[in-house]
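# Analysis of the macromolecular model
Next come the chains, spelled out residue by residue.
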Amino acid sequence: MKEQLIKAMQHNQLVDLVYISQDGKITKRRIKLIKIIGDKFQAFCFTKHARRTFITDNVLAVMPVLRKERVVI
């Protein structure tokens, strides 16, 4: 999981996370990674519109956000 987060940060890519909070709630978050520090990482959470710290072990799934470009012909 950590490798996927590192790769997303290196490529400046948005990701969707499935995350279990400390109180046991499972949420889906769209984030942009800022930095990884040991077993935690900081990211801007578009769901909460704020900078958040996440625990890597609580990440259940990581999915890159694919952006499609529109071409005008």
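Scroll up for the structure.
Residues numbered from 1 in each chain as written. Predicted model: local features only at pLDDT ≥ 70, side-chain atom pairs only at ≥ 80, totals over all residues. Heavy atoms only, no water.

Our focus in this paragraph is the nonpolar core. The biggest cluster of nonpolar side chains holds 14 residues, and the ones touching the most others in it are Leu17, Ile31, Phe41 and Phe54. Where this core is concerned, the elements lending two or more residues are α1 (2–10), β1 (14–20), β2 (26–37), β3 (40–45), β4 (50–55) and β5 (59–64). (Core = buried A, V, L, I, M, F, W, Y, C linked by side-chain atoms within 4.5 Å. Buried < 20%, exposed > 50% of the residue type's maximum accessible area, 1.4 Å probe, protein only. Helix = DSSP H or I, 4+ residues; strand = E, 2+ residues; numbered from the N terminus.)

Okay, the pattern of salt bridges next. As enumerated under the stated definition, the model contains 1 salt bridge in all. Here aspartate 16 makes a salt bridge to arginine 30, at a shortest N to O gap of 2.8 Å. Of this pair, aspartate 16 sits in strand β1 while arginine 30 sits in strand β2, and the two are 14 residues apart along the sequence. Taking the relative accessible area as the measure of exposure, aspartate 16 reaches 10% and is therefore buried. On the basis of relative accessibility, which here comes to 35%, the residue arginine 30 falls in the partly exposed class. (Salt bridge = Lys/Arg side-chain N within 4 Å of Asp/Glu carboxyl O.)

Take it as geometry only, folks, not as evidence of what the structure does.
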